[in-house]
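Observations on chain architecture
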Amino acid sequence: MEKKLKIGLALGGGSARGFAHVGVIKVLEEAGIKVDYLSGCSMGALVGAFYASGARIQMLERFTRAIDRRNWVDLTFSKMGLISGNRIEQILYLMTRRSTFDMLKIPLAVVAVDLYSGNKVVLKEGLVSRAVRASISIPGYFVPVEMDGMLLVDGGVLDRVPCEAVRDLGADLVIAVDTGFYLARGKINSMIDVMARSFDIMGREISRTILINADFVIKPDLECIAPSQFDKAREAIDLGEKAARVALPELSAMLESRGVLA
């Protein structure tokens, strides 16, 4: 297949639901759809960073199956959050091969929000692990990240699916992966569920506007998975894979019509 235009993949947030991105990437790889640029918010930033650093999709699958919250949750007495985030940043540092952004195999943009200015911040320089640590910092749950005079938290506060960020990197066509909103009644089981649901309610209207910037949207059906259910990573991957396979014929036709695949 001859490739003419550049494809960008925008991976949204969603905490544990974001493991669905792994399944989507797996299907794109199998279909020969090469991703030229990546952007990510929150869990999308984490998965995107691993993939951009050169991790094989099989390695990502193994990692998600082996993940245990006890390995990355480091409680703190800080007034700024319940989890310091130091442990997960160390894991990110190793999993991204100690990379800075200029060392990545695929150009990546990571989205966070600065609490001081109230603005979205797109991180494209420095240590990838530090940027991802900022992007996953759910307010009140993780301690925010201080960086260059900013106090950074989860990018999902303003930009759950960073389509604009990946287009700004140089993507001609943007494929967005939206993990949706968790609004099921009677299934709020933890503090992270409370926080994630609050963000979801605030973000519904914003996301509709954001997704207009995508050329194609893949939206896995993740209704059965709460943001805090990291033990359902395997299920989330499978649902992401299922959604991507269903969308593949339409996606391939769109790419061919645009002259991306021939």
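Quick note: structure is the one above.
In what follows, the accompanying structure is described. Treat the numbers as computed from the prediction; the structure is a model and nothing was measured. (Residues numbered from 1 in each chain as written. Predicted model: local features only at pLDDT ≥ 70, side-chain atom pairs only at ≥ 80, totals over all residues. Heavy atoms only, no water.)

It is worth spelling out the side chain of glutamate 89 at this point. Residue position: glutamate 89 is located in helix H5 (residues 86–95). Residue class for glutamate 89 comes out buried when judged on its relative accessible area of 15%. Side chain to side chain, glutamate 89 and arginine 130 meet in a polar contact 2.8 Å long. Residues in contact with glutamate 89, not counting those within four places in the same chain, are Ser129, Arg130 and Arg133. (Helix = DSSP H or I, 4+ residues; strand = E, 2+ residues; numbered from the N terminus. Buried < 20%, exposed > 50% of the residue type's maximum accessible area, 1.4 Å probe, protein only. Polar contact = N/O pair within 3.5 Å; in protein donor to acceptor, adjacent residues only side chain to side chain. Contact = heavy atoms within 4.5 Å.)

With that out of the way, let us pick up the pattern of salt bridges. One pass over the full model with this rule turns up 12 salt bridges. Residue lysine 34 pairs with aspartate 36 through a salt bridge whose shortest N-O separation is 3.3 Å. Residue classification places aspartate 36 among the buried residues on the basis of a relative accessible area of 10%. Look at the salt bridges and you will find they share partners, linking Lys26, Glu30, Glu241 and Arg245 into a network. (Salt bridge = Lys/Arg side-chain N within 4 Å of Asp/Glu carboxyl O.)

Here we take up the environment of valine 194. Residue position: valine 194 is located in helix H8 (residues 191–211). Since its relative accessible area comes to 45%, valine 194 is described here as partly exposed. Spatially, the C-alpha atoms of valine 194 and proline 227 are 9.4 Å apart, while their sequence positions differ by 33 residues.

The buried count for strand E6 (residues 150–154) comes to 5 of 5 residues, which makes it a mostly enclosed element. Here 3 bridges tie strand E5 (residues 145–147) to E6, and the two strands are oriented antiparallel to one another. Bridging across to E6, glutamate 146 finds its partner in leucine 151. Between E5 and E6, which follow one another and run antiparallel, lie 2 residues, and aspartate 148 among them has a positive phi close to 50°. (Pairing = 2+ DSSP bridges.)

All right, on to the packing of helix H1 (residues 20–30) against helix H2 (residues 43–52) then. Running from N to C, H1 and H2 point in directions that differ by 40°, and their axes come no closer than 10 Å. Here H2 runs oblique to H1, going by the angle between their axes. Contacts between H1 and H2 pair His21, Val22, Ile25 and Glu29 from the former with Gly44, Val47 and Tyr51 from the latter. (Axes fitted to C-alpha atoms, helices over the stretch in contact; angles between N-to-C directions. Parallel < 35°, antiparallel > 145°, perpendicular 65-115°, else oblique.)

All right, on to H1 then. Of all 11 residues in H1, 9 are buried, a share of seventy percent or more. For H1, the complete set of buried residues consists of Ala20, His21, Val22, Gly23, Val24, Ile25, Lys26, Val27 and Leu28. Positive backbone phi, at 75°, marks glycine 32, one or two positions downstream of H1.

Counting 72 residues, the largest nonpolar core has Leu9, Leu38, Leu108, Leu123, Val132, Leu152 and Leu255 as the members making the most contacts within it. At 11 residues, the largest contribution of residues to this core is made by helix H9 (residues 233–257). Among residues more than four places away in sequence, those in contact with leucine 38 are Leu9, Leu11, Gly48, Tyr51, Ala52, Ile106, Pro107, Leu108, Ala109, Val166 and Leu169. Membership of the second largest hydrophobic core comes to 11 residues, among which are Tyr37, Val161, Cys163 and Leu211. (Core = buried A, V, L, I, M, F, W, Y, C linked by side-chain atoms within 4.5 Å.)

With that settled, consider the packing of aromatic side chains. One pass over the structure, following the stated rule, counts 2 aromatic pairs. Look at phenylalanine 19 and phenylalanine 230: their rings are 6.1 Å apart centre to centre, the planes differ by 80°, and that puts the pair in the edge-to-face class. Note that phenylalanine 19 is positioned in the loop between strand E1 (7–11) and H1 and phenylalanine 230 in the loop between strand E8 (216–218) and H9, a separation of 211 residues in sequence. For phenylalanine 19, a relative accessible area of 1% corresponds to the buried category. Classification of phenylalanine 230 as buried rests on a relative accessible area of 10%. (Phe/Tyr/Trp six-rings, centres within 6.5 Å; stacked < 30°, edge-to-face > 60°.)

A surface patch of nonpolar side chains, about 310 Å² in accessible area, is lined by Leu75, Leu82 and Met191. Within the fold, leucine 82 resides in the loop between helix H4 (69–72) and H5. (Patch = residues over 30% accessible without salt bridge, like charges linked within 9 Å, V, L, I, M, F, W, Y side chains within 5 Å. Areas by Shrake-Rupley, 256 points an atom, 1.4 Å probe, with all protein chains shown as cover.)

If you trace the backbone, arginine 17 turns up in the loop between E1 and H1. The class for arginine 17 is buried, based on a relative accessible area of 3%. A distance of 2.7 Å separates the side chain of arginine 17 from the backbone oxygen of leucine 222, its partner in a polar contact. Excluding residues that lie within four positions of it along the chain, arginine 17 makes contacts with Thr179, Gly180, Phe181, Tyr182, Leu222, Glu223, Ile225, Ala226, Pro227 and Ala236.

Interpretation note: all reported values are geometric properties and have no functional meaning in isolation.
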